[in-house]
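Report on the structure
Single-letter residue listing:
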Amino acid sequence: MGQFVQEIPEHLIEWILKQEMFWVASAPLSADGHVNISPKGVEGTFHVVNSRRVWYEDLSGTGAETVAHIRENGRITILFQAFEGPARIVRLYGKGFFYEIGTPEYEALLPTSQRQPGSRAVIGLDIHKVGTTCGYAVPYYKFISHRTQLNDWAAKKESSDRESDSLSVALAPLALAPLPSQAPTNERKAPNEMQHPPDTHTLDAPGAIASKTNPNGMRHWWELHNIRSLDGLPAFSVGLGLKYRFGTTLARVFGAKGRVPPVLTQASVPRNSASSNPYIPDNIVPRHMGTLTIENVAIDKPSSESMTVALARAIDSYQDLSSLVLVLLPFILIFAFGLLLGREYERSSNIYPGYGRPSPLSVYL
């Protein structure tokens, strides 16, 4: 009844991408640690790079067990099962990796205009085994729709952080310049050290960072709930998202059809081909987090976009609406003044009869 292969067959890739939800299982090395299984189901968050690599957009929640277990041992299993049509269960076994929000790897896969509200990381899996079983005991369920409560909750928290960011930008000129002895250095750190500093998980650090963030914001939530696992293992880095500017993501307002999923499709990736692209494994040996770079990332995009979506993406390049208004305000004022001046000139020159006596402004023209 069961079958095991080393990579995802083509027909299963198509089936996987049609599923509305999946499960992620992980566990710590400790014999008495908590085994974790997380259901995932937000539309458009799961991506297949090729037959040996997948990733999904990790959204905010109360815990961070998966990231903590990846950081400790890297073991992950992702499970899909059929609720409609022929019975089927598919398990993807492999080595996990993750990229936190604000890292170059994260932003290459999830630009501001394409990330979900509350997105905090990219979690991926280098597959070394795929298992299929019958699934005959799984009951039939009819899919109705995806829930929106999580996105709505996260959007409100990110809105609070954007307000705080706008205020910080407005007050930045009033801040004192650092003393020469406090000037930042240009010393470069190793990629692993930058992404996961070994000294970020002190006992008092999360509380210290949280006290400096907006209590209603997403960053504050991350510091309080996502820094350590149930077993006390380090999960996300302290200060997660502090340097990331939450965008307005206006492209989402015009529907999912305008989104450009940052994922290599199976058709665009030669199977088992050697390439310098970090998202195409050179061999079947799983690689752990922090060993990949983002140079030469090939991203499939549609050949053309609607004017509405293009405008939304241009607007989205500004991190918040307040900065956009400040940029456009001088042009709007100049246009309004020019329009008023032109109308007064027409009245004073009596080009059109019936306008009455010349305007007092004509004395100066």
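Residues numbered from 1 in each chain as written. Predicted model: local features only at pLDDT ≥ 70, side-chain atom pairs only at ≥ 80, totals over all residues. Heavy atoms only, no water.

What follows deals with the overall build of the protein. Counting its secondary structure elements, the protein contains nine helices and eight strands. When the 365 residues of the protein are sorted by exposure, 42% land in the buried category. Long-range contacts, defined here as pairs at least 24 residues apart, represent 75% of the contacts in the protein between residues at least 6 apart. Accessible surface, the protein as shown: approximately 21200 Å² in total, 61% of it carbon and sulfur. (Helix = DSSP H or I, 4+ residues; strand = E, 2+ residues; numbered from the N terminus. Buried < 20%, exposed > 50% of the residue type's maximum accessible area, 1.4 Å probe, protein only. Contact = heavy atoms within 4.5 Å. Areas by Shrake-Rupley, 256 points an atom, 1.4 Å probe, with all protein chains shown as cover.)

Each pair of aromatic rings is reported with the distance of its centres and the angle of its planes. By the definition in use, this model includes 12 aromatic pairs. Judged by centre distance (5.5 Å) and plane angle (50°), the rings of Phe97 and Tyr99 are tilted. Neither residue differs from the other here; Phe97 and Tyr99 are each classed as buried. An aromatic cluster is built from Phe22, Phe46, Tyr56 and Phe80, whose rings are joined through pairwise contacts. A cation over an aromatic ring shows up here: Arg88 above the ring of Trp15, its NZ or CZ 5.2 Å from the ring centre. The ring of Phe4 carries the charged tip of Lys129 above its face, separated from the ring centre by 5.7 Å. (Phe/Tyr/Trp six-rings, centres within 6.5 Å; stacked < 30°, edge-to-face > 60°. Lys NZ or Arg CZ within 6 Å of the ring centre and 35° of its normal.)

For the structure shown, the criterion picks out nine salt bridges. Arg52 serves as the salt-bridge partner of Glu7, at 3.3 Å between the closest nitrogen and oxygen. Here Glu7, found in the loop between strand S1 (3–5) and helix H1 (10–18), pairs with Arg52, found in the loop between strand S4 (46–50) and strand S5 (53–59); they are 45 residues apart in sequence, far enough to count as distant. Arg52 sits in the buried class, given a relative accessible area of 11%. We note a salt bridge from Arg219 to Asp165, for which the minimum N-O separation is 3.0 Å. With Arg219 in helix H7 (residues 218–225) and Asp165 in helix H4 (residues 149–171), the pair connects residues that are 54 residues apart, well separated along the chain. Here Arg219 and Asp165 have matching classes, each one buried. Salt bridges sharing common partners tie together Asp161, Asp165, Arg219 and Arg245. (Salt bridge = Lys/Arg side-chain N within 4 Å of Asp/Glu carboxyl O.)

Core analysis: the largest hydrophobic core is formed by 46 residues, its most contacted members being Ile8, Ile16, Phe46, Val54, Ile78, Phe80 and Leu92. Not counting the four nearest positions on each side in its chain, Phe80 is found in contact with Trp15, Ile16, Gln19, Met21, Phe22, Phe46, Arg88, Ile89, Val90 and Leu92. (Core = buried A, V, L, I, M, F, W, Y, C linked by side-chain atoms within 4.5 Å.)

Looking now at the confidence of the model for the protein. Per-residue pLDDT for the protein averages 76, and the proportion of residues at 70 or more is 63%. This stretch, residues 179–199, has a pLDDT under 50; its non-local contacts, to residues over four places away or in other chains, come to 16 contacts. A low-confidence stretch, residues 250–306 stays under pLDDT 50, and its non-local contacts, those more than four residues away or across chains, total 130 contacts. (pLDDT = per-residue confidence, 0-100.)

Further remarks concern the side chain of Arg120. If you trace the backbone, Arg120 turns up in strand S8 (residues 119–133). Overall, Arg120 belongs to the buried group, its relative accessible area being 5%.

Moving on: the pairing of S4. Most of S4 sits out of view: five of its five residues are buried. When S4 meets S5, the two strands line up antiparallel, connected through four bridges. In the sheet register, Asn50 faces S5, and the bridge partner there is Arg53. Where S4 folds back on S5, the antiparallel hairpin that results is connected by two residues. (Pairing = 2+ DSSP bridges.)

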